[in-house]
Amino acid sequence: MYLKALMLQGFKSFPEKTVLTFDQSITAIVGPNGSGKSNLSDAVRWVMGEQSTRALRGGRMEDVIFGGTAKRRQTGYAQVSLVLDNSDHRLPREENEVMVTRRYYRSGESEYYINRDAVRLKDVSELFLDTGLGREGYAIIGQGRIDEILSQRSTDRREVFEEAAGISRFRHRKEEAQRK
Ligand code: ATP
Ligand code: MG
């Protein structure tokens, strides 16, 4: 499994449709301060279901929508798609390519899609469970995250190991069953 492409439209500093493609080698993103490098990793986090505005470096969820500049009007929604190569079927889907899309309107409406089917946030979270990707994953290590992992409560630290061991799925199912 690897990241094949990232598509942004109206997300933070990317008002126009922007497509980035990646291959299996190392990719580095370079650019001057404020040019949007961190916005790209925010986009990856966001499309995988991030709900914390703090993690997205904003105050409100609306802050992910392009807010306009002196020359360009704000956009009405933000949309990000992530395309993953799934030929090794690490994601529990039959398709060899999986595209996840999230769209968010100024009205506060959210939409999620997996390969163009409208789904719930829960479906996106479940898709990434135990893969290291997703909201609770460790595939994205942000600034300060190493310190956080080292100093976290032991129960939180255990969750990181559970995700790496591929057993989060079972804890989630158990918790869900206990709620019923
Ligand atoms: P550094 O090298 O300092 O870490 P960076 O390349 O990571 O910089 P980012 O933090 O990704 O830069 O981008 C910051 C820029 O994104 C700022 O200019 C900010 O105004 C712009 N930005 C963030 N959110 C929005 C938004 N909703 N609408 C328009 N522009 C935005
Ligand atoms: Mg940055």
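Residues numbered from 1 in each chain as written. Chains lettered and ligands numbered in written order. Predicted model: local features only at pLDDT ≥ 70, side-chain atom pairs only at ≥ 80, totals over all residues.

### Let's talk about the overall build of the chain
1) Next: When helices and strands are counted, the chain shows five helices and six strands.
2) Next: Reading the helices (α) and strands (β) of the chain from amino to carboxyl end gives β-β-α-β-β-β-β-α-α-α-α.
3) Next: What you see for the chain is a C-alpha radius of gyration of 17 Å, in line with the 16 Å of a compact globule of 180 residues.
4) Next: Each of the three principal axes of the chain carries a C-alpha extent, and together these read 50 × 40 × 40 Å. (Helix = DSSP H or I, 4+ residues; strand = E, 2+ residues; numbered from the N terminus. Rg over C-alpha atoms; globule rule 2.2 N^0.38 Å.)

### Let's talk about unusual backbone geometry
Peptide bonds are trans in most cases, and residues, glycine excluded, mostly fall at negative phi.
1) Next: We note that K12 has phi near 45 degrees; this positive angle belongs to a residue other than glycine.
2) Next: Structurally, K12 can be placed in the loop between β1 (2-9) and β2 (18-21).

### So, helix α4 (residues 154-165)
1) Next: Its twelve residues place the ends of α4 16 Å apart at the C-alpha level, agreeing with the 16 Å of an ideal helix rising 1.5 Å per residue.
2) Next: Counting buried positions along α4 yields one of twelve residues, so the element is predominantly exposed.
3) Next: Immediately beyond the C-terminal end of α4, within one or two residues, lies G166, with a positive phi of roughly 80 degrees. (Expected span 1.5 Å × (residues − 1). Buried ≥ 20, exposed ≤ 12 C-beta atoms within 10 Å, placed from the backbone.)

### Regarding the UniProt feature "binding site: ATP" (unreviewed entry) in the chain
1) Next: Under the UniProt annotation, "binding site: ATP" (unreviewed entry) lies at P32, N33, G34, S35, G36, K37, S38 and N39.
2) Next: Within the element layout of this structure, S35 appears in the loop between β2 and α1 (37-47). (UniProt positions renumbered as here; feature names shortened; annotations may be inferred.)

### With respect to the site of ligand 1
1) Next: The environment of ligand 1 is formed by 14 residues, the closest being N33, K37, S38, N39 and G67.
2) Next: Taken together, the residues of the shell around ligand 1 sort by class into two nonpolar, nine polar and three charged. (Near = placed C-beta within 6 Å. Nonpolar A, V, L, I, M, F, W, Y, C, P; charged D, E, K, R; others polar.)

### Quick word on the pairing of strand β3 (residues 77-85)
1) Next: Summarising the sheet, β1 and β3 pair through seven bridges and their orientation is antiparallel. Bridge pairing in β3 places L8 opposite V80.
2) Next: One ladder, built from nine bridges, connects β3 with strand β4 (residues 97-105); its direction is antiparallel. The partner of Y77 across the bridge, within β4, is Y105. (Pairing = 2+ DSSP bridges.)

### Focus: the environment of Q178
1) Next: By the element assignment, Q178 lies in helix α5 (residues 168-179).
2) Next: Between the C-alpha atom of Q178 and that of L121, which follows or precedes it by 57 residues, the distance is 21 Å.

### A word on the confidence of the model for the chain
1) Next: Averaged over all residues, the pLDDT of the chain equals 92, while 99% of them reach at least 70.
2) Next: Model confidence for the complex is summarised by a pTM of 0.89, with the ipTM given as 0.98. (pLDDT = per-residue confidence, 0-100.)

### As for the environment of G67
1) Next: On the secondary structure map, G67 appears in the loop between α1 and β3.
2) Next: With 15 C-beta atoms packed within 10 Å, G67 lands in the partly exposed category.
3) Next: Between the alpha carbons of G67 and F14 there is a distance of 10.0 Å; along the sequence they are 53 residues apart.

### A word on the nonpolar core
Across soluble globular proteins, you tend to see nonpolar side chains buried next to one another.
1) Next: Core analysis: the largest hydrophobic core is formed by 26 residues, its most contacted members being L8, F11, A43, V47, A78 and V80.
2) Next: Secondary structure elements with two or more residues in this core: β1, α1, β3, β4 and α2 (121-128).
3) Next: In this view, A43 contacts L6, L8, F11 and V80; residues no more than four positions away in its chain are not counted. (Core = buried A, V, L, I, M, F, W, Y, C linked by C-beta atoms within 7 Å. Contact = placed C-beta atoms within 7 Å.)

### A few points about the pairing of β4
1) Next: Two elements, β4 and strand β5 (residues 110-114), share five bridges in a ladder whose sense is antiparallel. Among the inter-strand pairings, Y104 is bridged to a residue of β5, identified as S110.
2) Next: Linking β4 back to β5 in an antiparallel pair, the connection comprises four residues, with G108 at a positive phi of about 100 degrees.

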